[in-house]
Amino acid sequence: MITMNKVCKVYQRGAEKVRVLQDLDLEIASGEFLALMGPSGSGKTTLLNLLGGLDSPSAGEIVIEGKRMEQMGVSQLSAWRSRNVGFIFQFYNLMPTLTAQRNVALPLLLTPLGRSERKRRAEVSLSLVGLAERMQHRPGELSGGQQQRVAIARAIVTDPTILICDEPTGDLDRESAAEVMRLLQQLNQVHGKTIIMVTHDPKAASYASRTLLMDKGSLVSSSTVAA
Ligand code: ADP
Ligand code: MG
């Protein structure tokens, strides 16, 4: 469903060229739960940004559901992204002045849906992550784990096929991390979302069906774990 062929990413830093990804080949099946591990600076976030259409490769091709990403224009790419990809980050990135419900409804402002339908879908999404009782709370009134669940509700409110998670448990205590991981597992197994997750935590990675290790811009090993 997602194929990367000889993908390279080079950043220009002043006069210096920084090769961040080198001839990367990767295939991700539809419905897969992939964990990506590796040292800081090895290119994991860069890889996620390419997969999510937030950035484009310097060379090589990325094919998602038959579509060549480098052939999409900027507006086509952003339309594709808002329909197909949900992003979850380490630091939630919620709007502090908005209630959970309004935070979750934000991505729907880019759709033609009316106000009451946006509200309804945000409610459904928050119920799915177990926060039906907290819809009117602001982020400051919620724990870290609850804020991350609001962020997950926001990521799924548009019903994307792919969830891209960059260290989703990186700022959570053990128990909240386990809760977030069980939720991601449910979204994968019950709702069929394809999940690509960067993590430093082997425990979080154990929820994935496959783990890849990155080092200095290359994929160096992989292991498939029984689900
Ligand atoms: P990771 O997520 O594995 O920690 P990143 O993908 O964030 O690694 O970064 C990989 C390398 O690319 C690092 O050396 C980083 O400094 C560099 N890098 C990332 N983004 C940029 C950018 N926009 N411009 C220049 N260098 C960058
Ligand atoms: Mg990173």
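Heads up: the structure comes first, above all this text.
Rules behind the numbers
Throughout, residues of each chain are indexed from 1 in the direction in which the sequence is written. Naming scheme: in the order in which they are written, chains are lettered from A and ligands are numbered from 1. It should be noted that, the model being predicted, local features are given only for residues of pLDDT at least 70 and side-chain atom pairs only at 80 or more, the latter also being counted only at that level, while totals for whole chains, interfaces and linings use all residues. Where side-chain values are given, they derive from all heavy atoms of the structure, hydrogens and water being excluded. To qualify as a helix, a DSSP run of H or I must reach at least 4 residues; to qualify as a strand, a run of E must reach at least 2; elements of each kind are numbered from the N terminus. Radius of gyration: over C-alpha atoms. The globule rule applied is 2.2 Å multiplied by the number of residues raised to the 0.38 power. Relative accessible area decides the class of each residue, using a 1.4 Å probe on protein chains only: under 20% of the type maximum gives buried, over 50% gives exposed, and in between gives partly exposed. Working definition of a nonpolar core: buried Ala, Val, Leu, Ile, Met, Phe, Trp, Tyr and Cys residues. They are joined through side-chain atoms within 4.5 Å. Residue contacts are defined here by distance: any two heavy atoms, one from each residue, within 4.5 Å place the two residues in contact. Each axis is a line fitted through C-alpha atoms, and for a helix only the stretch in contact is used; angles between axes span 0 to 180 degrees, taken between their N-to-C directions. In what follows, roughly perpendicular refers to angles from 65 to 115 degrees, roughly parallel to angles under 35, roughly antiparallel to angles over 145, and oblique to any angle outside these ranges. Left-handed describes a crossing in which the near helix is turned anticlockwise from the far one by less than a right angle; the clockwise case is right-handed. Think of it as three bins: nonpolar holds Ala, Val, Leu, Ile, Met, Phe, Trp, Tyr, Cys and Pro, charged holds Asp, Glu, Lys and Arg, and polar takes everything else, Gly as well. Residue proximity to a molecule or strand is established when one non-hydrogen atom of the residue lies within 4 Å of it. Whenever a nitrogen or oxygen atom comes within 3.5 Å of another N or O atom, the pair is scored as a polar contact, on the condition that within protein one atom can donate a hydrogen and the other can accept it, and that pairs from neighbouring residues in sequence are kept only if both atoms are in side chains. Computed with a 1.4 Å probe, the accessible areas rest on the Shrake-Rupley method; for each residue, only the protein chains presented here act as cover. Only rings of Phe, Tyr and Trp enter the pairing, Trp through its six-membered ring, and a pair is recorded when the two centres are within 6.5 Å. The plane angle decides the type: under 30 degrees is stacked, over 60 is edge-to-face, the rest tilted. DSSP bridges decide pairing: two strands pair if at least two such bridges lie between them.

Undergrad: Help me understand the overall build of the chain, please; the structure alone is not making it clear to me.
TA: A count of helical and extended segments in the chain gives seven helices and 10 strands. Computed over its C-alpha atoms, the radius of gyration of the chain comes to 18 Å, within 12% of the 17 Å expected for a compact globule of 227 residues. The principal-axis extents of the C-alpha atoms in the chain amount to approximately 50 × 40 × 35 Å. By the burial criterion, 47% of the 227 residues in the chain qualify as buried.

Undergrad: Just to check I follow, could you spell out helix α1 (residues 44-51) for this structure?
TA: Every α-helix carries 3.6 residues per turn, so stepping three or four residues along brings you back to the same face. Across the eight residues that make up α1, a large majority, six, are buried. With its phi angle positive at about 70 degrees, Gly53 sits one or two positions after the end of α1.

Undergrad: Looking at this structure, I do not really get the nonpolar core. What am I missing?
TA: In globular proteins that are soluble, nonpolar side chains generally tend to be buried together. With 37 residues, the main nonpolar core has Leu126, Val150, Ile152, Leu184 and Met197 as its most contacted residues. Those elements that place two or more of their residues in this core are β3 (33-37), α3 (100-105), α4 (115-128), α5 (144-156), β7 (162-166), α6 (174-189), β8 (194-198) and α7 (202-205). Residue contacts for Ile152: discarding those within four places in its chain leaves Ile88, Val129, Val180, Leu183, Leu184 and Leu187. Judged by nonpolar contacts, the second largest core, of 27 residues, contains Val7, Ile28, Trp80 and Met214.

Undergrad: Honestly, the packing of α4 against α5 in this entry has me stumped. Any pointers?
TA: The description of two helices packed together rests on the angle between their axes and the distance between the axes. Packing of α4 against α5 leaves a shortest axis separation of 9 Å and a crossing angle of 130 degrees. What the angle tells us is that α4 and α5 run oblique. In this structure, the crossing between α4 and α5 has a hand that is right-handed. Together, Ser125, Leu126 and Leu128 of α4 and Val150, Ala153 and Ile156 of α5 make up the contact between the two elements.

Undergrad: Quick question: what am I supposed to make of the packing of α5 against α6 here?
TA: Between α5 and α6, the shortest axis-to-axis distance is 9 Å and the interhelical angle comes to 20 degrees. Taken together, α5 and α6 sit at an angle that is classed as roughly parallel. Seen along the crossing, α5 lies across α6 with a hand that is right-handed. Note on element contacts: α6 touches α5 through Ser176, Glu179, Val180, Leu183, Leu184 and Leu187, opposite Gly145, Gln148, Arg149, Ile152 and Ile156. Class assignment of the residues belonging to the contact of α5 with α6 gives a composition of six nonpolar, three polar and two charged.

Undergrad: Honestly, the site of ligand 1 in this entry has me stumped. Any pointers?
TA: All residues adjacent to ligand 1 are Tyr11, Arg13, Val20, Pro39, Ser40, Gly41, Ser42, Gly43, Lys44, Thr45 and Thr46. Here Arg13 contributes a side-chain N or O atom positioned 3.4 Å from an oxygen atom of ligand 1. In the environment of ligand 1, an oxygen atom lies 2.6 Å from a nitrogen or oxygen atom belonging to the side chain of Thr46. For ligand 1, the protein covers 65% of the area, taking 560 Å² as the surface of the free molecule. Among the elements that make up the shell around ligand 1, the one with the highest residue count is α1 (three residues). In the shell around ligand 1, the residues fall into three nonpolar, six polar and two charged.

Undergrad: Where do I start with the packing of aromatic side chains in this structure?
TA: Aromatic ring pairs: the centre-centre distance and the angle between the two ring planes describe each pair. Tallying each qualifying case throughout the model produces one aromatic pair. Measuring from centroid to centroid gives 6.1 Å for Phe87 and Phe89, while their planes differ by 5 degrees, and the two rings are stacked. In this structure Phe89 comes out as partly exposed when scored by relative accessible area, which is 33%.

Undergrad: Quick question: what am I supposed to make of the pairing of β8 here?
TA: Strand residues, when the strand is regular, have side chains that alternate between the two faces of the sheet. Among the five residues in β8, five count as buried, and that is most of the element. Residues Thr194, Ile196 and Val198 point to one face of β8 and Ile195 and Met197 to the other, with burial holding for every one of them. Sheet topology note: the β3/β8 ladder contains four bridges and is parallel. Among the inter-strand pairings, Ala35 is bridged to a residue of β8, identified as Met197. Strand direction decides the pairing type here: β7 and β8, joined by five bridges, are parallel. What sits directly across from Asp166, in β8, is Val198.

Geometric descriptors of this kind do not, in isolation, establish any biological role.
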